[in-house]
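# Coordinate analysis (summary)
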Amino acid sequence: MAESLAAHLRLRILEGDLTDGAELPTEPVLLQEYPVSRPSLREAFRILETEGLVVVRRGKRGGTVIKAPALGPAAYHMGLLLHARATSMRDLAAARNLLEPLCAEHAARRDDHSAVAERLRLLNDEAAQVVEDGQAFTGASVRFHEGLVDAAGNETLRVVVGMLESVWSVQERGWARRASDEASYPAVERRHAVLRAHGAIEKAIEAGDAALTGKLMRAHLEASQLYVASDDAPPVQVLDEYGNPRMDARD
């Protein structure tokens, strides 16, 4: 009964009948709606909570809140799998090199490619404003790439590559912290080269030139990933030394 009820509620969440952030009715109300026992109802909640589809608040202010599927948790579980397999940064970078240029090419083919280019230009301008601060610059550059993936237009590509990009981003931010602490972060001249590369990609998208966009994107990734995916880079890690998540919660 618990599995059957969980399946029914799961479908309602996935199809939007139960919306993200909304609170489920109280137990007495649900027990009137569904002919199950209280233990079965609570077991159904536990199933959905394990899947990350609800958050059960206990105590006087208790209740069950809907949590629709999001990219962040999915990326976290993808990262756990790569972490468990001791996946190298070179391996992760190779996958990114294959998939992210496809997103850029799709962005250039969109009917509204000029508007996409304008959004990317604003993100690159934000990176230019913090070019003197290594860690802040990395964060802004990450947002440019995330924006590029999000602009792909193909929903499946956005989700799949978005998960990969989230895993990569947390590795890149970790590298930026270490490099800043060790005073080995690339010089400002190199950061300006990144800004120029981003600008060239944005202009190719504005022109609607998918072939040039893909070519520029591949060259940029191959050049920029040498730092994060160096020979001495640790394997993919989404948990710190205490077993806590290092992943950013990105929706």
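About the criteria used
- Residues numbered from 1 in each chain as written.
- Predicted model: local features only at pLDDT ≥ 70, side-chain atom pairs only at ≥ 80, totals over all residues.
- Heavy atoms only, no water.
- Helix = DSSP H or I, 4+ residues; strand = E, 2+ residues; numbered from the N terminus.
- Buried < 20%, exposed > 50% of the residue type's maximum accessible area, 1.4 Å probe, protein only.
- Contact = heavy atoms within 4.5 Å.
- Areas by Shrake-Rupley, 256 points an atom, 1.4 Å probe, with all protein chains shown as cover.
- Lys, Arg positive; Asp, Glu negative; His and termini not counted.
- Charge placed at Lys NZ, Arg CZ, Asp CG, Glu CD.
- Phe/Tyr/Trp six-rings, centres within 6.5 Å; stacked < 30°, edge-to-face > 60°.
- Polar contact = N/O pair within 3.5 Å; in protein donor to acceptor, adjacent residues only side chain to side chain.

For the protein, the helix and strand inventory stands at 10 helices and two strands. Counting helices and strands in the order they occur from the N terminus, the protein gives α-α-α-β-β-α-α-α-α-α-α-α. When the backbone C-alpha atoms are referred to their principal axes, the protein occupies close to 65 × 45 × 30 Å. Scored against the burial criterion, the 251 residues of the protein give a buried share of 43%. Across the protein, the fraction of contacts at a sequence separation of at least 24, relative to all contacts at a separation of at least 6, is 73%. With an accessible surface of roughly 13,400 Å², the protein has 53% of that area assigned to carbon and sulfur atoms. Between the centroid of the 30 positive side chains of the protein and the centroid of its 38 negative side chains there is a distance of 3 Å.

Position of Thr-213 relative to the elements: it lies in helix H10 (residues 210-228). Setting aside its immediate chain neighbours within four residues, Thr-213 contacts Ala-104, Glu-105, Ala-108, Ile-201, Ala-204 and Ile-205.

A full pass over the atoms with the stated rule returns two aromatic pairs. Between Trp-175 and Tyr-185, the ring centres sit 5.2 Å apart and the planes meet at 35 degrees, which makes this aromatic pair tilted. Taken together, the residues Trp-175 in helix H8 (residues 155-181) and Tyr-185 in the loop between H8 and helix H9 (188-206) connect sequence positions 10 residues apart. For Trp-175, a relative accessible area of 14% corresponds to the buried category.

With that out of the way, let us pick up the environment of Asn-154. The residue Asn-154 is located in the loop between helix H7 (134-150) and H8 in this model. Asn-154 gets classed as partly exposed once you look at its relative accessible area, which sits at 34%. Residues Asn-154 and Ser-141 lie 13 residues apart in sequence; the distance between their C-alpha atoms is 22 Å. Side-chain polar atoms of Asn-154 contact the backbone nitrogen of Thr-156, separated by 3.2 Å. At 2.8 Å, the side chain of Asn-154 and the backbone nitrogen of Leu-157 are in polar contact.

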